[in-house]
Amino acid sequence: QVQLVESGGGLVQTGGSLRLSCTASGGTFSYYAMGWFRQAPGKEREFVAAIQSSGGSTYYADSLKGRFSISRDNAKNTMYLQMNSLKPEDTAIYYCVASRASTFGTIIAGKNDYWGQGTQVTVSS
């Protein structure tokens, strides 16, 4: 059983930056592709970004390309999401996911093996 714990959320002004972390325990981190989702109040959960188990390939939601960057450090069992030029519409709970799937499509579809509890990101205008 893999446990995922997100951190790094908080309150930031428009145009600011945050770096989210997701630390995994209870499994072999390097076996899993990882990703981020978010859910804003009153909206459906949406895919943000994903990264392959080796970190060699990444995938982003089209609307977030250029502002968000996903990375991982397998030696630290940790994945990151660097968020720049934040906007009020980025306000959401951000969730970390882990998947044994070999394709990004499975992650994007939300069919992930493990989910974290989420961390709140609030962007003030």
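Residues numbered from 1 in each chain as written. Predicted model: local features only at pLDDT ≥ 70, side-chain atom pairs only at ≥ 80, totals over all residues. Heavy atoms only, no water.

J.: For this particular structure, what's the right way to read the state of the cysteines?
T.: Where two cysteines share a covalent bond between their sulfur atoms, that bond is called a disulfide. Applying the stated criterion across every chain, the model contains one disulfide. Here cysteine 22 pairs with cysteine 96 through a disulfide, and the sulfurs are 1.8 Å apart. Sign of the S-S torsion, about -60° for the bond between cysteine 22 and cysteine 96, identifies this disulfide as left-handed. Of the two residues, cysteine 22 sits in strand β3 (residues 18–25) while cysteine 96 sits in strand β9 (residues 92–99), which places them 74 residues apart along the sequence. Across the pair, exposure class does not vary: cysteine 22 and cysteine 96 are buried alike. (Disulfide = S-S within 2.5 Å. Helix = DSSP H or I, 4+ residues; strand = E, 2+ residues; numbered from the N terminus. Buried < 20%, exposed > 50% of the residue type's maximum accessible area, 1.4 Å probe, protein only.)

J.: I would appreciate a short explanation of the nonpolar core in the present structure.
T.: Side chains of a nonpolar character, in soluble globular proteins, are inclined to be buried together. Core analysis: the biggest nonpolar cluster contains 38 residues, and Leu4, Met34, Trp36, Met79, Leu81, Met83 and Tyr94 have the highest contact counts within it. Those elements that provide at least two residues to this core are β3, β4 (33–39), β5 (46–51), β7 (68–73), β8 (78–83), β9, α1 (104–108) and β11 (119–124). Setting aside chain neighbours within four positions, we find leucine 4 in contact with Cys22, Thr23, Ala24, Met34, Cys96, Val97, Ala98, Tyr114, Trp115, Gly116 and Gln117. (Core = buried A, V, L, I, M, F, W, Y, C linked by side-chain atoms within 4.5 Å. Contact = heavy atoms within 4.5 Å.)

J.: Is there a simple way to explain the sheet that holds β8 in this structure?
T.: In a beta sheet, neighbouring strands pair by backbone hydrogen bonds and run either parallel or antiparallel. The antiparallel open sheet is built from four strands, whose spatial order is β1-β3-β8-β7. Either end of the sheet is taken by a strand with one partner, and the two such strands are β1 (3–7) and β7. Pairwise comparison of adjacent strand axes, ignoring direction, gives a mean angle of 15° for this sheet. Looking at chain direction, β1 and β3 are connected through five bridges and run antiparallel. Across the sheet, the residue bridging to glutamate 6 is cysteine 22, located in β3. (Pairing = 2+ DSSP bridges. Axes fitted to C-alpha atoms, helices over the stretch in contact; angles between N-to-C directions.)

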